[in-house]
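Remarks on the overall topology
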Amino acid sequence: MGIGDFLKRHTLLTGLVAVLVPLAILLVVQFVWLLRLENMQAIAHAAALESFLGTVSTKVEYFYRETAERSLNLPASLFTQQRIEKAAYYWKQRPAKGAKRLFLVDLTHEEFGNFFGFDPESARLYTPAASDESLAMVLAANPLHMLNLRQRGMDSAALTVDERNPDYRIILNPILDDGGRVVGLAGMVLDEEFFRLKLLPSLIGSTLSKYLPSAPDGELAVTVQDGAGHTVVHVGDGKGRTVATKARLGFVFTDWEMALYSPRATPQQWARAGFVFNASLAGLLACFLVGGVALALRAAGRAVKLSKMKSDFVSNVSHELRTPVASIRVFGELLRMGRVEDPVKIREYGEHIEGESRRLTRLIDNILDFSRIESGRKEYQFAEGQVRELVEAVIRTFQVQLGAPGIRIALEAPAGPLQPLRMDADAIAQAFQNLLDNAVKYSGDSKEVVVTLSAGNDFIAIAVRDSGIGIAHDEQRKIFERFHRVGTGLVHDVKGSGLGLSIVHHIVAAHGGEVLVESQLGKGSTFTMRLPVPREVA
């Protein structure tokens, strides 16, 4: 068998492979791409987290540098021309936000310098009393004071930060004369409460919304711990979460550490979550696509199977039509040509012609009824009637039509009368006759058919039992489908339209009943029509 013949015989399989192979290749390529994307996302996310903390630190530095440069950049003439008191006016005009105390040191006269504090309420300078704060000022100014004593100059003034005493963090700005010599110092003691309660939470919140806008509300949390390990600032809920990244502040409060928390411990896990989501989505879409293709192929397979069944139906019906027509024609020609003179033979030939005519009529009736059922034009005329009388009449007629010796139809029925049934008598008779016809055709060597009438509280049952070839279990659900014929060699030796049981099922269903089948291979089959008895009649 060549490739062309194989493709023709396995069209659906070929179509399935043609769809699944490109889909599998696409999924593999997409999986590899998602793996690479995962690594890139991990790197990008880690950079974003580190950039976030770095940005917060930069904003803190910018705030305090701007404040210090605006408030501490005093003219050198205030020191060289003995106009120190003008500094108070200067600071009144330019208050230093975030400073708990402003102070200056005059290094132009006293060997150890004159220290002055600024009182914002009176807008005056004062000499600070001895205290821890004053000591912190002295210690912070000492390195620059030593430069003054050694007569060493500076190329340019630069802010310095002293945090040796965490309670008094100081920013100093050296005041230089034209020769670069330090003539004074201007400083600010930072307000930790302002930094902890206002500035830092505000900067963290604004930076979070800018740098990580895609993170859902409440998913991220930021905490800040002081040098002693105490949490002094927290934005969001960090409970039950793990640290994604950490960083220290870079200009002031350098012993404080910021930590970014998230439900996922690391940027790699963030990226993994994205990979799992994308891969799951791709897999789900692939499943829907495969499911759609499978349904389409299944529908195509059913259509191909139905087409074959229709072809078999046409072949079987053609045979079923030709056989009685040929018999009628042969016997009719013999009678017409006068070749049969024996009255017994003439009567026998006539009975054959009549039997084949009835067989032909029954086949045509089935085809017409099936056509009406398929088009929805089948109508039933319901009226009360006795099932026993109908069954007995059909059996008598059927035995006459058979006209073959050795075929016995036995009727088993209750002794008493059965309840009347509302039914279409002609339709029930047709369904019962189809069951009898099947029982006789498929009985094999055993030609005994048993018909059983029984009644329950709300139904009447007509059962037809044969001792023939039987039906396989997996075929029993399909035998009521149109055109279906059992796929065994012995069954295919018996011609038929494949419509009889389908019509039986439709007729019984139209009466509100059901058709049951019990069968074993080699032991025969029993078909039972259960017809409901109306309550008002019961």
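Given the structure is predicted, the values throughout are model-derived calculations rather than measurements. (Residues numbered from 1 in each chain as written. Predicted model: local features only at pLDDT ≥ 70, side-chain atom pairs only at ≥ 80, totals over all residues. Heavy atoms only, no water.)

**Some details on the pattern of salt bridges**
When charged atoms on two side chains of opposite charge get close, those side chains can pair. Taken as a whole and assessed by the stated rule, the structure comprises nine salt bridges. Between Glu163 and Arg169 there is a salt bridge, with the nearest N and O atoms lying 3.0 Å from each other. The two residues Glu163 and Arg169 agree in class, both being buried. Between Asp437 and Lys441 there is a salt bridge; the shortest N-O distance is 3.6 Å. Placement of both Asp437 and Lys441 in helix α10 (residues 425-441) is noted, with a separation of four residues, approximately one turn of the helix. The exposure class of Asp437 is buried, given its relative accessible area of 19%. Three or more residues are tied together by salt bridges with common partners; here these are Glu163, Arg169 and Asp255. (Salt bridge = Lys/Arg side-chain N within 4 Å of Asp/Glu carboxyl O. Buried < 20%, exposed > 50% of the residue type's maximum accessible area, 1.4 Å probe, protein only. Helix = DSSP H or I, 4+ residues; strand = E, 2+ residues; numbered from the N terminus.)

**Brief notes about the sheet that holds strand β7 (residues 221-225)**
Judged by pairing direction, the sheet is antiparallel, and its four strands sit side by side in the order β8-β7-β10-β9 without closing on themselves. Edge positions in the sheet fall to β8 (231-235) and β9 (242-248), since each has one partner strand and no second. Strand-to-strand, the axes of this sheet are offset by a mean angle of 20°, without reference to chain direction. Here β7 pairs with strand β10 (residues 257-262) via five bridges, running antiparallel. Bridge pairing links Val224 to Met258 in β10. (Pairing = 2+ DSSP bridges. Axes fitted to C-alpha atoms, helices over the stretch in contact; angles between N-to-C directions.)

**A few points about the environment of Met137**
Locating Met137 in the fold gives a position in helix α5 (residues 132-149). A relative accessible area of 4% means that Met137 is categorised as buried. Each C-alpha atom of the pair Met137 and Tyr168 lies 8.5 Å from the other, and the pair is 31 residues apart in sequence. Ignoring anything within four residues of it in the chain, the contact list for Met137 reads Arg101, Phe103, Phe115, Ile170 and Val189. (Contact = heavy atoms within 4.5 Å.)

**Here's the deal with α10**
For the α-helix, the turn length of 3.6 residues means that residues three or four positions removed from each other point alike. Look at α10: 24 Å from first C-alpha to last across 17 residues, which is about the 24 Å you get at 1.5 Å a residue. Across the 17 residues that make up α10, a large majority, 14, are buried. Of the residues that open α10, the one with a side-chain oxygen 3.2 Å from the backbone nitrogen of Asp426 is Asp424. (Expected span 1.5 Å × (residues − 1). Polar contact = N/O pair within 3.5 Å; in protein donor to acceptor, adjacent residues only side chain to side chain.)

**What about unusual backbone geometry?**
Residues other than glycine seldom take positive phi values, yet Ala123 does so here, at roughly 55°. Within the fold, Ala123 resides in the loop between β2 (114-119) and β3 (124-126).

**Some remarks on the sheet that holds strand β6 (residues 182-190)**
Spatial ordering of the open sheet is given by β3-β2-β1-β6-β5-β4, a layout of six strands whose pairing is antiparallel. The outermost strands of the open sheet, each flanked by one partner alone, are β3 and β4 (160-162). Neighbour to neighbour, the strand axes of the sheet diverge by 30° on average, direction disregarded. Judged from the four bridges that link them, strand β1 (residues 99-106) and β2 form a sheet pairing that is antiparallel. Paired with Asp106 across the bridge in β2 is Asn114. Packed onto the sheet, helix α4 (residues 86-93) meets β1, β2, β3 and β6 and runs at close to 155° relative to β1.

**A few points about the packing of aromatic side chains**
Applying the stated criterion to the full structure yields eight aromatic pairs. Ring centres of Phe253 and Trp256 lie 4.7 Å apart, and the angle between their planes is 55°; on these two criteria the pair is classed as tilted. Taken individually, Phe253 and Trp256 each receive the classification buried, so the pair is uniform in this respect. Put simply, the rings of Phe63, Tyr64, Phe194, Phe195, Phe253 and Trp256 pair up and form one aromatic cluster. (Phe/Tyr/Trp six-rings, centres within 6.5 Å; stacked < 30°, edge-to-face > 60°.)

**Some remarks on the nonpolar core**
Among the nonpolar cores identified, the biggest contains 49 residues, and Tyr64, Leu74, Ile171 and Phe195 are the most heavily contacted of them. Of all the elements, helix α2 (residues 11-72) adds the most residues to this core, at nine residues. If we ignore the near neighbours within four places in the chain, the residues touching Ile171 are Tyr64, Ala68, Leu72, Leu159, Thr160, Val161, Ala186, Gly187, Met188, Leu190, Phe251 and Val252. Membership of the second largest hydrophobic core comes to 42 residues, among which are Val391, Leu421, Ala431 and Phe527. (Core = buried A, V, L, I, M, F, W, Y, C linked by side-chain atoms within 4.5 Å.)

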